[in-house]
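# An overview of the molecular structure
These are the residues of each chain, in order.
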Amino acid sequence: MTKALPIAPAGGKVGVLLVGLGAVSTTTIAGIMAIRKGIAKPIGSLTQMGTIRLGKRTEGRSPAISDVVPLAGLDQLVFGGWDIFEDDCYQAAKTAGVLEPTLLNQIKDELSAVKPMPAVFDRQYVKRLDGPNVKKGKTKRDLAEQLIEDIRRFKSANQLDRVVLVWCGSTEIFMTESPAHQSVAAFEKALDANDPTIPSSMIYAYAAIKEGLPYANAAPNLSADIPALLELAQNTGSPLAGKDLKTGQTLIKTIIAPGLKARLLGVAGWYSTNILGNRDGEVLDDPESFKTKEESKKSVLDYILQPSLYPDLYSDLHHVVRINYYPPRGDNKEGWDNIDLVGWLGYPMQLKINFLCRDSILAAPIVLDVALFLDLAKRVGYSGIQEWLSFYFKSPMHAPSVYPEHDLFIQLMKLKNTLRHIRGEELITHLGREYYD
Ligand SMILES: NC(=O)c1ccc[n+]([C@@H]2O[C@H](COP(=O)([O-])OP(=O)(O)OC[C@H]3O[C@@H](n4cnc5c(N)ncnc54)[C@H](O)[C@@H]3O)[C@@H](O)[C@H]2O)c1
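First, a word on what this report is: a plain description of the structure on this page. No experiment lies behind these values; they were computed from the predicted model shown. (Residues numbered from 1 in each chain as written. Predicted model: local features only at pLDDT ≥ 70, side-chain atom pairs only at ≥ 80, totals over all residues. Heavy atoms only, no water.)

## What to know about the side chain of Lys261
Here is the rule we go by: Each helix is a run of DSSP H or I of at least 4 residues and each strand a run of E of at least 2, with the numbering of both proceeding from the N terminus. Relative accessibility decides the category of a residue: with a 1.4 Å probe and only protein chains considered, values under 20% of the type maximum give buried, values over 50% give exposed, and everything between is partly exposed. Positive residues here are Lys and Arg, negative ones are Asp and Glu, while His and the chain termini are left out of the count. Salt bridges are identified by distance alone: a Lys or Arg side-chain nitrogen within 4 Å of an Asp or Glu carboxyl oxygen. Pairs of N or O atoms are called polar contacts if they sit within 3.5 Å, as long as, within protein, a hydrogen donor faces a hydrogen acceptor (for residues adjacent in sequence, only side-chain-to-side-chain pairs).
With respect to the helices and strands, Lys261 occurs in helix H11 (residues 248-262). Buried charge Lys261 goes without a salt bridge, the closest partner of opposite sign being Asp407 at 6.2 Å. Here the side chain of Lys261 touches Ile304 through a polar contact of 2.9 Å, landing on its backbone oxygen.

## Here's the deal with the pairing of strand E7 (residues 266-276)
In the case of a regular strand, side chains alternate between the two sheet surfaces. The condition that has to hold: Paired strands, in this sense, are two strands between which DSSP finds at least two bridges.
Among the eleven residues of E7, nine are classified as buried, and the element is accordingly described as predominantly covered. Where E7 and strand E9 (residues 334-342) come together, nine bridges link them in antiparallel fashion. When the bridges of E9 are listed, Ile275 appears paired with Glu334.

## Comments concerning the environment of Gln306
Within the fold, Gln306 resides in the loop between helix H13 (287-305) and helix H14 (311-314). Between the C-alpha atoms of Gln306 and Lys261, which are 45 residues apart in sequence, the distance is 9.0 Å. A distance of 2.6 Å separates a polar atom in the side chain of Gln306 from a polar atom in the side chain of Lys261.

## Quick notes on the site of the ligand
Inclusion rule: The rule for a residue being near a molecule or strand is that one of its heavy atoms must lie within 4 Å of it. Under the convention used here, a 1.4 Å probe and the Shrake-Rupley method define accessible areas, while residue burial counts only the protein chains that appear.
Inspection of the region around the ligand gives 32 residues, with Ala23, Val24, Asp83, Val120 and Gly169 positioned closest. The contact in question runs from a nitrogen atom of the ligand to an N or O atom on the backbone of Val120, over 2.8 Å. The contact in question runs from an oxygen atom of the ligand to an N or O atom on the backbone of Gly169, over 2.8 Å. Relative to its unbound accessible area of 830 Å², the ligand is 99% covered by the protein chains. Mapped by element, the contributors of at least two residues to the shell around the ligand are helix H1 (23-36), strand E2 (77-83), helix H9 (200-210), helix H12 (279-284) and helix H15 (359-380). For the shell around the ligand, the element with the most residues is H15, which contributes three residues.

Encoded structure:
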């Protein structure tokens with residue numbers, strides 16, 4: 001057995017600052033408030049409901065994860081955030097239309113007290129949106145400094161011990177790395193020069209990381225996933241996680257695909273289409289924002305199926321992903337998948353999946369878990385990319401030397417083994433020879 005790592009205590013008050021108080025954020029915040037009141041249960045959350053096996057199967061030890069690693073409790077959390085709209089969290093939750101008014105009304109006072117701070121926003125990066133609650137600044141550096149002021153004010157006004165920041169804002173247009181993204185020095189120069197390759201989400205990420213806060217990205221845009229901000233995170237001790245929450249269709253894809261590959265069933269095509277009617281769907285109706293999402297959604301099959309290792313099974317795979325904006329459905333997304341399979345001797349088969357899901361209901365427990373696990377990472381002294389949190393993301397951040405791991409079951413094993421490692425417990429390999437020797 002290895003030694004348990006030293007962990008700073010989990011006590012005190014923890015601020016959770018969310019960028020964008022839209023469907024995902026308000027469903028997370030309202031959900032946690034309802035759970036605290038005993039109105040509902042934290043279904044879907046590993047930190048709240050998950051267990052972890054420790055030691056041999058014969059030992060019968062499977063405690064709750066929250067009993068094994070010290071996590072902040074829900075009562076310790078204090079919420080805040082930014083949005084381009086002035087609606088408080090209660091109004092924003094009503095607009096998002098995810099949770100029933102009967103539930104929202106039971107937490108109305110607490111929810112209404114969460115009011116958005118003015119946002120850093122530029123329409124250039126999210127074409128389908130515009131709103132009045134936006135900061136002014138001569139340079140992007142000014143804007144970053146205003147965000148840092150916001151963070152410090154929020155921390156002192158609420159007497160917080162720690163703060164975590166999560167981007168739950170809209171998906172920005174597709175961007176690739178630029179020279180300004182290559183080092184902290186180049187990035188800071190570019191902030192002063194209002195470089196167009198620094199979108200709003202990077203300004204938030206910079207502010208959070210500069211303050212040494214844990215930072216997660218719930219959306220697919222680059223945000224903190226550039227060399228400059230990874231370098232800054234190492235300097236300031238910020239743990240990072242992202243990108244793009246793994247909910248809905250991609251969650252199912254990363255559950256089914258590893259199973260097909262495990263049995264060496266070929267896949268000739270995988271056609272995925274969705275209808276979605278919330279504001280996220282409206283933003284993604286813009287081809288430039290959709291491109292960011294499409295890249296994120298499409299990469300998973302390549303990595304899971306590994307066509308270079310299995311050319312006979314997967315090299316001709318046609319993978320198509322569509323999202324259609326369809327207002328009548330609101331947040332209640334419907335996804336259809338048609339998978340063209342190939343079996344023994346090349347005989348074709350088909351698998352159809354019709355998932356009637358709720359986007360933000362699947363996303364909220366992830367935001368909670370990621371916030372609590374990042375807070376743990378910070379207290380353990382971890383900084384930079386937290387690959388063990390890949391479990392929660394469609395495009396997991398990863399070291400340049402390795403490919404991202406997309407298989408949900410490997411991701412879960414990595415997460416739980418990291419918790420075991422932190423506590424000095426034996427890692428589980430599933431070898432199991434000892435039961436038969
Ligand atoms: N719901 C899911 O299952 C899911 C899954 C994966 C990823 N995501 C991503 O999470 C993000 C949020 O999703 P949502 O459904 O809550 O969308 P939403 O449109 O309901 O909320 C986004 C909010 O962000 C605000 N915003 C946009 N730019 C901002 C900025 N620069 N500063 C402050 N606020 C800003 C918008 O005004 C809006 O209120 C999206 O990028 C979405 O693609 C959602």
